[in-house]
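# Report on the structure
This is what each chain is made of:
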Amino acid sequence: AKQLTDRARGTGQSQGQWRDNAAAAELLSGVKATEPTRIAIPEGMGQVIRPDGSVVPAQWAMVVPRGDAIRTAFPVE
């Protein structure tokens, strides 16, 4: 979390963090997206670290596809 806090502070952009990578992978395995898509995530699965260092629960994740697979996905506010 320290690294993400430093990145958020340095870039001025919030950083998402999964609280349970295995649960996130399971959730994302069923997602089919052809363009960047925001999806709802279960309570407690992710959090967002803001540039001011505060941490808030995430209710959403941004899924970014590449072809038929997910390139990246991260929690967002």
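Residues numbered from 1 in each chain as written. Predicted model: local features only at pLDDT ≥ 70, side-chain atom pairs only at ≥ 80, totals over all residues. Heavy atoms only, no water.

### A word on the pattern of salt bridges
All chains considered together, the criterion is met by three salt bridges. A salt bridge links Asp6 to Arg9, with the nearest nitrogen and oxygen atoms 3.8 Å apart. Here Asp6 pairs with Arg9, and both are found in helix 1 (residues 2-11), just three residues apart, close to one helical turn. Of the charged contacts, one joins Glu77 and Arg50 as a salt bridge, the two residues approaching to 2.6 Å between their closest N and O atoms. On the criterion of sequence distance, the pair formed by Glu77 in the segment after strand 6 (69-76) and Arg50 in the loop between strand 3 (46-49) and strand 4 (55-57) is long-range, its members being 27 residues apart. Classification of Arg50 by relative accessible area gives partly exposed; the value is 29%. (Salt bridge = Lys/Arg side-chain N within 4 Å of Asp/Glu carboxyl O. Helix = DSSP H or I, 4+ residues; strand = E, 2+ residues; numbered from the N terminus. Buried < 20%, exposed > 50% of the residue type's maximum accessible area, 1.4 Å probe, protein only.)

### Details of helix 1
Within helix 1 the residues assigned to the buried category are Leu4, Thr5 and Ala8. Take helix 1 and look down its axis: the buried residues cluster within an arc of 105°, on one side only. Exposed and facing more than 90 degrees away from the buried side of helix 1 are Lys2, Gln3 and Gly10. Contacts from the buried residues of helix 1 go to strand 1 (15-18) and strand 3. (Arc of directions from axis to C-beta. Contact = heavy atoms within 4.5 Å.)

### What to know about the sheet that holds strand 1
Strand order in the open sheet formed by three strands is 1-3-4, and the pairing between neighbours is antiparallel. Pairing within the sheet leaves two strands with one partner each, and these edge strands are strand 1 and strand 4. For this sheet, the mean angle separating the axes of adjacent strands, direction not counted, is 30°. Both strand 1 and strand 3 contribute to a ladder of four bridges, which runs antiparallel. Residue Gln17 lies in a different strand from strand 3, and its bridge partner there is Gln47. (Pairing = 2+ DSSP bridges. Axes fitted to C-alpha atoms, helices over the stretch in contact; angles between N-to-C directions.)

Just distances and angles here, no functional claims.
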